[in-house]
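# Fold and geometry: a report
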Amino acid sequence: MKFFVDTANLAQIREANDMGVLDGVTTNPSLMAKEGIKGVENCKKHYVEICNIVEGDVSAEVIATDFEGMVREGEELAALHRNIVVKVPCIADGIKAIKYFTGKGIRTNCTLVFSPGQALLAAKAGATYVSPFVGRLDDVASDGIELVEKIVDMYRYYGFQTQVLAASIRTTQHIIQCIEAGADVATCPLSAIKGLLNHPLTDIGLAKFLEDYRKVNG
Ligand code: E4P
C-alpha cells in the first residue's frame with residue numbers, strides 16, 4: 001500500500017519525505033487555507049514547492065464546480081508540474097470533467113466519495129484515484145472502512161484500473177484497516193503514519209539490547 005501525506009504543510013511534507021516511505025501528497029482547499037495560502041498564484045506556487053519536495057503524485061483540487069471552470073483550472077494545475085494530479089469533486093460536472101481529463105492524459109483524483117455508486121461513476125470516467133472519506137463517514141456513525149472494502153471488491157470484480165485512495169484517515173488504526181481492506185493508497189496525517197512505529201516491545205527490546213551491549217563494552 002502506498003502512503004500519501006494529507007497536508008499542505010511544507011515542514012510536515014519534508015519530514016514525511018525524509019522518512020523515505022512517502023509516495024505522494026494530497027491537499028484540499030481547507031488544508032491550503034490552514035497554511036494561510038491565499039490567491040490563485042500563491043496556491044500554484046505552493047503546489048510547485050510541494051512537487052519539488054516529493055517524487056510522487058500531488059493532488060491539487062479545483063475550486064470551480066462547473067465543467068468549463070473545472071477544465072480550465074485543471075489544465076492550468078496539470079501544466080504546473082508532471083506530478084500534479086487534478087482533484088475533482090464527485091458531482092455530475094466533476095465526472096464529466098474527469099472523463100475529459102482522462103481523454104487528455106491528465107491524471108485525476110475523484111474526491112468527496114461516500115458511496116460505491118459514486119466510486120463506480122468515477123472509475124467509469126477513468127479517474128486515476130478515487131477518494132472514499134473514511135473518517136467523515138465514521139463521524140456520522142457510518143462505516144468508512146466498509147466503504148473502502150466495497151470499492152476495492154467492486155473494482156477487482158469489474159477490472160477497473162482506478163486506484164482506491166483511502167482519505168480522511170484519522171488514526172493509525174485506520175491505516176491498518178486500510179491495509180486489510182486492500183486499499184491501494186492511504187493518505188494520512190503524518191502523526192498517524194508515525195504511529196505505525198509505536199510498539200512497547202520494540203522500546204523494551206532496544207533498551208535491553210543497549211544495556212547488554214554497555215555491560216560488555218562499557
Ligand atoms: C484528502 O484527499 C481529503 O481531502 C482529506 O483526507 C479529508 O480529510 P478530513 O476529513 O480529515 O478533512
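Our subject in this report is the structure included herewith.

About the thresholds
Residues numbered from 1 in each chain as written. Predicted model: local features only at pLDDT ≥ 70, side-chain atom pairs only at ≥ 80, totals over all residues. Heavy atoms only, no water. Disulfide = S-S within 2.5 Å. Core = buried A, V, L, I, M, F, W, Y, C linked by side-chain atoms within 4.5 Å. Buried < 20%, exposed > 50% of the residue type's maximum accessible area, 1.4 Å probe, protein only. Helix = DSSP H or I, 4+ residues; strand = E, 2+ residues; numbered from the N terminus. Contact = heavy atoms within 4.5 Å. Axes fitted to C-alpha atoms, helices over the stretch in contact; angles between N-to-C directions. Parallel < 35°, antiparallel > 145°, perpendicular 65-115°, else oblique. Left-handed = near helix turned anticlockwise from the far one by under 90°.

Turning our attention to the state of the cysteines. Using the criterion set out here, one finds zero disulfides in the structure. Sulfur of Cys90: no disulfide; nearest cysteine sulfur belongs to Cys110 and is 3.8 Å away.

A general trend in soluble globular proteins is that nonpolar side chains are found buried together. Core analysis: the biggest nonpolar cluster contains 63 residues, and Val25, Cys110, Val130, Val148, Ile151, Tyr155 and Cys188 have the highest contact counts within it. The element contributing the most residues to this core is helix H8 (residues 144-158), with seven residues. Sequence-distant contacts of Val25, defined by excluding residues within four places in its chain, comprise Phe4, Val5, Thr7, Ile13, Ile50, Val54, Asp57, Val58 and Ser59. In terms of nonpolar packing, the next biggest core, distinct from the first, is built from five residues, Phe4, Tyr129, Leu165 and Val185 among them.

Any two packed helices are characterised by how steeply their axes cross, that is the angle between the axes, and by the distance between the axes. It is the contact of helix H3 (residues 40-53) with helix H4 (residues 67-80), at a shortest axis distance of 10 Å, that shows an interaxial angle of 40 degrees. Accordingly, the angle class assigned to the pair H3 and H4 is oblique. In this structure, H3 crosses over H4, and the sense of that crossing is right-handed. On H4, the residues that touch Lys44, Tyr47 and Val48 of H3 are Glu76, Leu77 and Leu80.

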